[in-house]
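Coordinates in review
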Amino acid sequence: MLKWILVFMLIPAAEIFIYIQLGKYVGMPAVVLLILATGAAGVILSRQQGFYIIQRFRENLQSGVVPGNQLVDGLLVLVGSILLLAPGLLTDLTGFIFLLPLTRVYVREFIKKRLRRWIDEGKVIIY
């Protein structure tokens, strides 16, 4: 519990610190423009990737293939979209990593390996 409290306190503090430092170098109008630009890019990318994943999901179901990767991708796009709604460069960077197909593959495979390890160790039980 203490770990999560620290995470939810340290991330916003780091975001504020980064914005202050960035504002010193490029100025406040550029920082505001950056916030708006990442938000707009995030909305466009979230929508595009969401529709793409739904299309792939449907294609897999019609072909009789279990859409396992599309489920994980859908979850990553959802989390990435939520992270882009939160103001901050760290959360935006993480959100874009989850949204971009090239980087999302690595995150998806990491999650799958971690889940397999948890299943093998008995930390996750599937009935």
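Sequence order as written defines the numbering, with residues in each chain counted from 1. Residue-level local features of this predicted model are given only where pLDDT is at least 70; pairs of side-chain atoms are given and counted only at 80 or more, and the full residue set underlies all totals for whole chains, interfaces and linings. As a rule here, side-chain values cover all heavy atoms of the structure and leave hydrogens and water aside.

Considerations on helix α5 (residues 101–121)
Secondary structure is summarised from DSSP: a helix means a run of H or I of at least four residues, a strand means a run of E of at least two, and numbering begins at the N terminus for each. Helix span, as expected, comes to 1.5 Å for every residue beyond the first. Taking 1.5 Å as the rise per residue, α5 with 21 residues should run 30 Å; its terminal C-alpha atoms sit 30 Å apart, in good agreement. Burial here depends on accessible area, computed with a 1.4 Å probe over protein chains only, as a share of the maximum for the residue type. Under 20% is buried, over 50% is exposed, and the range in between is partly exposed. Turning to α5, its buried residues number three or more, namely R104, V107 and R108. Across the axial projection of α5, the buried residues extend over an arc of 105 degrees, all falling on one side. Those residues of α5 that are exposed and angled more than 90 degrees off the buried face are L102, Y106, K113 and D120. Where α5 is buried, its residues meet α2 (28–63), α3 (68–85) and α4 (89–99). A positive backbone phi angle near 80 degrees is found at G122, which sits one or two residues after α5. Note that the arc is defined by the directions from the helix axis to the C-beta atoms. We call two residues in contact when some of their heavy atoms are within 4.5 Å.

Focus on the packing of α2 against α3
Lines are fitted to the C-alpha atoms to define the axes, a helix being fitted only along its stretch in contact, and any angle between axes, read from their N-to-C directions, falls within 0 to 180 degrees. Relative orientation of the contacting elements α2 and α3 amounts to 165 degrees, with a least axis distance of 10 Å. It follows that α2 is roughly antiparallel to α3 by the angle criterion. Note on packing geometry: the crossing formed by α2 with α3 is left-handed. Contacts from T38, G42, S46, Q49, G50, I53, R56, F57 and N60 of α2 reach α3 at Q70, L71, D73, G74, V77, S81 and L84. Just so you know the grouping, Ala, Val, Leu, Ile, Met, Phe, Trp, Tyr, Cys and Pro go in nonpolar, Asp, Glu, Lys and Arg go in charged, and all remaining residues, Gly too, go in polar. Among the residues making up the contact of α2 with α3, the classes are represented as five nonpolar, nine polar and two charged. Working definition: roughly parallel below 35 degrees, roughly antiparallel above 145 degrees, roughly perpendicular at 65 to 115 degrees, and oblique for all remaining angles. With the far helix as reference, a near helix turned anticlockwise by less than a right angle produces a left-handed crossing, and one turned clockwise produces a right-handed crossing.

Structural notes on the pattern of salt bridges
A pair can form between side chains of opposite charge whenever their charged atoms are brought close. Here, a salt bridge means any Lys or Arg side-chain nitrogen found within 4 Å of an Asp or Glu carboxyl oxygen. Following the criterion strictly, the structure yields six salt bridges and no others. A salt bridge links E109 to K112; its shortest N-O distance comes to 3.4 Å. Taken together, the positions of E109 and K112, both in helix α5 and three residues apart, correspond to about one turn of that helix. What you see here is one network of salt bridges that share partners, running through D73, R104, R108, E109 and K112.

Observations regarding α2
Taking 1.5 Å of rise per residue, 36 residues should cover 52 Å, and α2 covers 52 Å from first to last C-alpha, within 8% of that figure. For α2, the elements touching its buried residues are α1 (2–26), α3, α4 and α5. Just beyond α2, the residue with positive phi is G64, at close to 80 degrees.

A look at a nonpolar patch on the surface
Only residues above 30% relative accessible area that lack a salt bridge enter a patch, with like-charged residues linked at up to 9 Å and the nonpolar side chains Val, Leu, Ile, Met, Phe, Trp and Tyr linked at up to 5 Å. Only the protein chains shown count as cover for residues, and the accessible areas themselves come from Shrake-Rupley with a 1.4 Å probe. A surface patch of nonpolar side chains, amounting to about 700 Å² of accessible area, comprises M1, L2, I5, L6, M9 and L10. By the element assignment, L2 lies in helix α1. Assessed through its relative accessible area of 61%, L2 is described here as exposed.

Some details on the layout of surface pockets
Volume-wise, the largest pocket comes out at about 260 Å³. K3, W4, V7, F8, I11 and P12 together form the lining of the largest pocket. Class assignment for the residues of the lining of the largest pocket results in five nonpolar, no polar and one charged. Cavities and pockets were defined on a 1 Å grid built over protein atoms only: a cavity is a set of grid points that admits a 1.4 Å probe from which the probe cannot escape, a pocket is an open set flanked by protein on both sides within 12 Å along at least five of seven lines, and lining residues are those with an atom within 4 Å of any such point. Grid points are joined across faces, edges and corners, and a volume is the space filled by probe spheres set on the points.

As for the side chain of S81
Examined against the element boundaries, S81 turns out to sit in helix α3. Among the residues examined, S81 registers a relative accessible area of 19% and is labelled buried. Excluding residues that lie within four positions of it along the chain, S81 makes contacts with S46 and L99.

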